[in-house]
Amino acid sequence: MRKIKTAVLISGSGSNFQAIAKAAKDNDYSYDVKLVISNKKGAYGLVRAANLGIKSEIVSHKDFSSREEFDSEIDKILEENDIELICLAGFMRLLTKEFAEKWQGRLINIHPSLLPDFKGANAIKDAYEAGAKKMGCTVHYVIHEVDSGEILGQEEFIVQENDDIESLTNKMHEKEHILYPKCVEKVAAKLL
Ligand code: GRF
């Protein structure tokens, strides 16, 4: 069966990347993770990629003088690898309007809140400090506006009395690793 060639963009641990890649193999999903791109040299996700035998590239934003140049280098690598679908997974760079528009419908992201609540880089902390009773994660199509775009799926959990940022982060990851692969499959199946 033909598979949708998928790339995952990361900046750090890459646990979502790993979940996406493993689920594809275990469930014979419609996509294959062919490539990981990290903007950080020391990202642990690069070690995970090596362990899974998945090709990786480092594109440091520090080597480029503008967002446009950085994005166009990423775009070039994606094209060279015939990538059809891009998953952002803890990728901590804002993408240009041009990039988001070019890949619209083939570019998705995971965010650790029940969007539209708690957009931004500190979603778990923000929700905790706001006293949220329920938390969760969202997978959505990426449009130029940050943490917006059509929602593909959400997973939620109840915040317990004794939860703190660390326990909430762990619970969030558990939910993310279930949700993200399912949503990637949903998009990939449509693209096939
Ligand atoms: C996840 O919580 C994701 O929602 C957010 O960044 C984190 C990435 O974690 N965008 P990991 O690198 O996949 O472990």
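Up top is the structure these notes are about.
On a predicted model such as this, the values are computed, not experimentally measured, just so you know. (Residues numbered from 1 in each chain as written. Predicted model: local features only at pLDDT ≥ 70, side-chain atom pairs only at ≥ 80, totals over all residues. Heavy atoms only, no water.)

A. Structural context of the site of the ligand. Every residue close to the ligand is listed here: Ser-13, Gly-14, Ser-15, Asn-16, Gly-90, Ile-110, His-111, Pro-112, His-173 and Glu-176. Ile-110 is positioned such that a nitrogen or oxygen atom in its backbone is 3.1 Å from a nitrogen atom of the ligand. His-173 is positioned such that a nitrogen or oxygen atom in its side chain is 3.3 Å from an oxygen atom of the ligand. Considered on its own, the ligand offers 370 Å² of accessible surface; in the complex 83% of this is hidden by protein. When contributions to the shell around the ligand are tallied by element, the ones reaching two or more residues are helix H1 (15-26), strand E5 (107-111) and helix H6 (165-191). Tallied by class, the residues present in the shell around the ligand amount to two nonpolar, seven polar and one charged. (Near = heavy atom within 4 Å. Polar contact = N/O pair within 3.5 Å; in protein donor to acceptor, adjacent residues only side chain to side chain. Areas by Shrake-Rupley, 256 points an atom, 1.4 Å probe, with all protein chains shown as cover. Helix = DSSP H or I, 4+ residues; strand = E, 2+ residues; numbered from the N terminus. Nonpolar A, V, L, I, M, F, W, Y, C, P; charged D, E, K, R; others polar.)

B. Spatial organisation of the layout of surface pockets. Its boundaries defined by the atoms lining it, the largest pocket holds a volume of some 980 Å³. Lining the largest pocket are 40 residues, with Gly-90, Phe-91, Met-92, Asn-109 and Ile-110 sitting closest to its centre. Mapped by element, the contributors of at least two residues to the lining of the largest pocket are H1, E5, helix H5 (123-129) and H6. Examining the composition of the lining of the largest pocket, we find that five residues originate from one element, H6, more than from any other. When the residues that make up the lining of the largest pocket are grouped by side-chain class, the tally is 17 nonpolar, 17 polar and six charged. (1 Å grid on protein atoms, 1.4 Å probe; cavity = no way out; pocket = protein on both sides within 12 Å on 5 of 7 lines; lining within 4 Å. Points joined across faces, edges and corners; volume = space filled by probe spheres on them.)

C. Region of the structure containing the nonpolar core. One finds Phe-17, Tyr-31, Ile-108, Met-135 and Tyr-180 to be the most contacted residues of the largest nonpolar core, which totals 39 residues. Sorting elements by how many residues they give to this core places H6 first, with eight residues. In this view, Tyr-180 contacts Asn-16, Ile-20, Cys-87, Leu-88, Ala-89, Ile-108, Asn-109, Ile-110 and Val-139; residues no more than four positions away in its chain are not counted. Formed by 18 residues, the second largest nonpolar core is a distinct cluster that contains Ala-7, Ile-37, Val-59 and Trp-103. (Core = buried A, V, L, I, M, F, W, Y, C linked by side-chain atoms within 4.5 Å. Buried < 20%, exposed > 50% of the residue type's maximum accessible area, 1.4 Å probe, protein only. Contact = heavy atoms within 4.5 Å.)

D. Representation of the packing of H1 against H6 within the structure. Remark: H1 packs on H6, axes separated minimally by 9 Å, with the N-to-C direction vectors making an angle of 45°. Judged on the interaxial angle alone, H6 and H1 are oblique. Every pair of crossing elements has a handedness; the one defined by H1 and H6 is right-handed. Residues Ser-15, Asn-16, Ala-19, Ile-20 and Ala-23 of H1 form the contact with H6, whose participating residues are His-173, Glu-176, His-177, Tyr-180, Pro-181 and Val-184. (Axes fitted to C-alpha atoms, helices over the stretch in contact; angles between N-to-C directions. Parallel < 35°, antiparallel > 145°, perpendicular 65-115°, else oblique. Left-handed = near helix turned anticlockwise from the far one by under 90°.)

E. Inspection of the pairing of strand E4 (residues 85-88) at higher detail. Side chains Leu-85 and Cys-87 project from E4 onto one buried face, and the interleaved Ile-86 and Leu-88 project onto a second face that is buried too. Alignment of strand E1 (residues 4-10) against E4, held across four bridges, turns out to be parallel. For Val-8, the partnering residue across the bridge sits in E4 and is Cys-87. Pairing analysis gives three bridges linking E4 to E5, with the strands arranged parallel. Within E5, the position partnered with Ile-86 by the bridge is Leu-107. With respect to chirality, the unit in which E4 leads through helix H4 (residues 97-102) into the neighbouring parallel E5 is right-handed. (Pairing = 2+ DSSP bridges. Right-handed = clockwise from strand over helix to strand, strands pointing away.)

F. Representation of the environment of Gln-160 in the model. Mapping Gln-160 onto the fold places it in the loop between strand E7 (151-158) and H6. In sequence terms Gln-160 and Ile-54 are 106 residues apart; their C-alpha atoms lie 38 Å from each other.

Scope: geometric values only; no functional claims are made or implied.
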